[in-house]
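# Remarks on the overall topology
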Amino acid sequence: MHFDSPNDKDPVGEPPPNLSTYPGCSQNLNGYEEVFDPGGGGRRRCTFAQRLFCNCCRSAQSSQYHDYLQLEEELLEDIEGKGELKTSEAPMASEKKNVADQDKAGYISQYTFWWMTPVLSRAEKNGRLTEGDIPKLPSQDHPERLYERLRQILSTRKKISGWFLFVTVIWSIQPWLCLSCVVNCWLFLVCMMVDPLILQYLLDGENSLRTNLLFVAGLGVSMLVRTTTVETSYFASVRAMNNARSALVQALYQNALYLPAKCEPDFDVGKLTNLVATDADKFAKVEWIVFFMGQCSWAVISLPVSIYFVYRLVGTAAVVGTVVMVVQTGLMVVVWKRIEPLNNRVQECRDARSRLMTDLIKTIKRVKLSMTHAAWRGKVSTKRTEELSLLGKARYLSACNEFLGCVGTAAVPVSIFS
């Protein structure tokens with residue numbers, strides 16, 4: 001959506017911000033955009049990631065967007081107060097005032113997922129779920145809240161690296177959810193470590209009946225805690241990655257709607273569409289990331305204890321097993337470093353192919369009149385063939401990495417006991 005003149009109107013009826021004076025944009029060859037900062041006393045350079053979130057480039061559009069949402073909420077509340085809406089047609093603005101079932105649930109309900117019982121009961125009774133049966137989002141999972149926190153954090157940064165953006169969208173905008181996932185994962189792994197010790201004392205046969213009953217009760221409690229914490233931790237990981245996707249998608253669509261016309265040659269519709277459809281969507285497909293981070297952090301913390309117990313059982317063979325595990329991890333890292341550039345080139349090919357398809361659709365009448373469809377098809381086929389070739393190489397290396405993981409899993413115990 002672009003405003004070519006100050007007389008254009010947006011759907012709300014308000015005049016758009018004058019992009020020629022606020023902000024004044026000029027695109028250069030380095031991928032930067034020079035913007036006029038009224039509060040900073042001059043012009044400064046913003047990268048593409050910064051332009052998504054910086055106050056200088058987005059303050060006018062953001063304030064107009066929030067004014068529109070506030071006006072819509074006030075109108076809907078006024079209509080509802082006059083009784084012109086039925087109860088079943090309550091607007092979204094009034095629904096936000098209601099607390100979600102998950103927010104109202106206590107610790108026991110959250111760990112046993114009892115708060116989902118009403119939804120499952122309605123599904124069992126009616127044979128299906130309607131839109132009204134789906135639980136409301138928890139307060140910390142609303143996309144507008146996540147995007148606002150993301151914008152506030154990144155707007156204060158002069159330089160945004162890939163790792164910083166990754167940590168921000170996963171951890172910084174939702175710290176309590178990620179911390180809950182990691183803590184529950186640690187509790188699960190603690191129980192996994194304690195269970196063999198309790199079982200060993202139980203099987204010694206030198207304890208009294210009362211002591212053995214206590215050990216059995218401890219095993220039962222440990223199993224219950226282990227089951228509930230692992231499910232809660234993985235569920236929190238899924239929520240965290242889906243929230244990261246929601247925040248990024250909203251940021252990308254916001255940029256696509258308010259991208260100045262002079263900046264379009266470098267950030268075309270095809271590239272933005274791929275960012276939304278592939279890159280941002282990958283966060284929802286790797287829902288195990290936060291759970292995996294909890295496992296890795298616990299592995300580092302508990303590694304000395306694990307090596308000590310293995311040393312007590314098998315002696316110096318524990319050192320051999322540790323060396324094999326380190327070598328296996330190093331080989332997997334080397335293979336992964338070869339996969340990452342291939343994945344980046346695949347995304348570049350997809351961007352180029354989307355750009356070709358966009359240009360073809362825009363000029364389809366001219367292509368038909370000039371009968372150059374064969375040439376266009378050849379260009380698209382060439383890009384598609386290159387994309388498939390790179391994708392095949394990446395998949396073969398991924399399979400090799402999986403093979404190394406499976407071999408390493410078997411090689412560690414074999415090296416210890418041989």
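Everything numeric here is computed off the predicted structure, so don't read it as measured data. (Residues numbered from 1 in each chain as written. Predicted model: local features only at pLDDT ≥ 70, side-chain atom pairs only at ≥ 80, totals over all residues. Heavy atoms only, no water.)

### Digging into the side chain of threonine 228
The test is simple: Secondary structure elements follow DSSP: runs of H or I no shorter than four residues count as helices, runs of E no shorter than two count as strands, and numbering proceeds from the N terminus. Accessible area is worked out with a 1.4 Å probe on protein chains only. A residue is then buried under 20% of its type maximum, exposed over 50%, and partly exposed in between. Each polar contact in these results corresponds to two N or O atoms within 3.5 Å; when the atoms are within protein, one needs to be able to donate a hydrogen and the other to accept it, and residues that are neighboring in sequence are counted only if both atoms are side-chain atoms.
Examined against the element boundaries, threonine 228 turns out to sit in helix H10 (residues 209–258). Of the residues examined, threonine 228 reaches a relative accessible area of 17% and is grouped as buried. Polar side-chain contacts of threonine 228 include one of 3.1 Å to the backbone oxygen of valine 225.

### Overview of the environment of threonine 322
Summarising the element assignment, threonine 322 is placed in helix H14 (residues 317–362). Sequence separation between threonine 322 and isoleucine 307 is 15 residues; the distance between their C-alpha atoms is 7.9 Å.

### Describing the confidence of the model for the protein
Threshold: The predictor's confidence in any single residue is recorded as pLDDT, a number from 0 to 100. In this analysis, two residues are considered to be in contact whenever any of their non-hydrogen atoms come within 4.5 Å of each other.
On average, residues of the protein score 75 in pLDDT, and 71% of them reach the 70 mark or higher. Of the regions scoring below 50 in pLDDT, residues 82–96 engages in ten contacts with residues more than four places distant in sequence or in other chains.

### Details of the packing of aromatic side chains
Here is the rule: Stacked, tilted and edge-to-face are the three classes applied to pairs of Phe, Tyr and Trp rings, where Trp contributes its six-membered ring and a pair requires centres within 6.5 Å; stacked means planes under 30 degrees apart, edge-to-face means over 60, and tilted covers the rest. Whether a charge sits over a ring depends on NZ of Lys or CZ of Arg being within 6 Å of the ring centre and within 35 degrees of the ring normal.
For the structure on display, the rule yields seven aromatic pairs. Between phenylalanine 113 and phenylalanine 235, the ring centres sit 5.4 Å apart and the planes meet at 80 degrees, which makes this aromatic pair edge-to-face. In this pair, phenylalanine 113 is assigned in the loop between helix H5 (107–112) and helix H6 (117–126) and phenylalanine 235 in helix H10, connecting sequence segments 122 residues apart. The exposure class of phenylalanine 113 is partly exposed, given its relative accessible area of 26%. Overall, phenylalanine 235 belongs to the partly exposed group, its relative accessible area being 29%. Sitting over the face of the ring of tryptophan 376, lysine 379 holds its NZ or CZ atom 5.2 Å from the ring centroid.

### Looking at unusual backbone geometry
For phenylalanine 113, which is not glycine, the phi torsion reads 60 degrees and is therefore positive. For methionine 371, which is not glycine, the phi dihedral falls at a positive 55 degrees. Within the fold, methionine 371 resides in the loop between helix H15 (364–370) and helix H16 (373–417). For methionine 371, a relative accessible area of 63% corresponds to the exposed category.

### A short note on the side chain of arginine 239
Secondary-structure assignment places arginine 239 in helix H10. Ignoring any residue separated from it by four or fewer positions in sequence, one finds arginine 239 in contact with Gln102, Pro138, Gln140, Asp141, Gln174 and Leu177.

### Considering the nonpolar core
As a reminder of what qualifies: Put simply, a nonpolar core is a bunch of buried Ala, Val, Leu, Ile, Met, Phe, Trp, Tyr and Cys residues held in one set by side-chain atoms that sit within 4.5 Å of each other.
Of all hydrophobic cores here, the largest spans 28 residues; its most connected members are Leu150, Val169, Ile170, Met241, Leu248, Phe283 and Val290. Elements with a minimum of two residues in this core: helix H7 (143–155), helix H8 (162–172), helix H9 (175–203), H10 and helix H13 (289–314). For this core, the element with the most residues is H10, which contributes nine residues. Sequence-distant contacts of valine 290, that is, excluding residues within four places in its chain, are made with Ile170, Cys178, Cys181, Ser237, Ala240 and Met241.

### Points about a nonpolar patch on the surface
To keep things clear, this is the line we draw: Think of a patch as exposed residues, more than 30% relative accessible area, with no salt bridge, where like charges cluster within 9 Å and nonpolar side chains (Val, Leu, Ile, Met, Phe, Trp, Tyr) cluster within 5 Å. Only the protein chains shown count as covering a residue, and every accessible area follows the Shrake-Rupley method with a 1.4 Å probe. Throughout this description, the term salt bridge denotes a Lys or Arg side-chain nitrogen within 4 Å of a carboxyl oxygen of Asp or Glu.
Nonpolar side chains collect at one region of the surface, where Val167, Trp171, Trp176, Leu179, Val183 and Leu187 lie side by side and expose about 580 Å² of accessible area between them. Elements represented by at least two residues in the nonpolar patch include exactly H8 and H9. With four residues, the single largest contributor to the nonpolar patch is H9. Looking at where tryptophan 171 falls in the secondary structure, it is placed in helix H8.

### Notes on H9
In plain terms, the rule: Expected helix span is given by 1.5 Å per residue-to-residue step, counting one fewer step than there are residues. Values of bend correspond, residue by residue, to the angle between axes fitted over the seven residues ending at that residue and the seven starting there.
Helix length check: H9 (29 residues) gives 43 Å between terminal C-alpha atoms against 42 Å at 1.5 Å per residue, within 8%. At valine 194, H9 is deflected by roughly 25 degrees, the largest bend along its length, and proline proline 196 occurs up to four residues later in sequence.

### Structural notes on the packing of H14 against H16
Short version of the rule: Every axis corresponds to a line fitted to the C-alpha atoms, with the helix fit spanning only the stretch in contact, and the corresponding angles, defined between N-to-C directions, vary from 0 to 180 degrees. Our angle categories are set so that under 35 degrees counts as roughly parallel, over 145 as roughly antiparallel, 65 to 115 as roughly perpendicular, and the remainder as oblique. Left-handed describes a crossing whose near helix is turned anticlockwise from the far helix through less than a right angle; right-handed describes the clockwise counterpart. Charged residues are taken to be Asp, Glu, Lys and Arg, nonpolar residues to be Ala, Val, Leu, Ile, Met, Phe, Trp, Tyr, Cys and Pro, and polar residues to be all remaining types, Gly included.
Relative orientation of the contacting elements H14 and H16 amounts to 170 degrees, with a least axis distance of 8 Å. With respect to their mutual orientation, H14 and H16 come out roughly antiparallel. The interaxial crossing formed by H14 with H16 has left-handed handedness. Within the contact of H14 with H16, the residues separate by chemical class into 26 nonpolar, nine polar and eleven charged.

### A short note on H13
Along H13, the helix axis deviates most sharply at serine 302, where the bend reaches about 55 degrees; the proline proline 304 sits within four residues downstream. Those residues of H13 that sit buried are Ile289, Val290, Phe291, Gly294, Trp298 and Ser302. Positive backbone phi, at 75 degrees, marks glycine 315, one or two positions downstream of H13.

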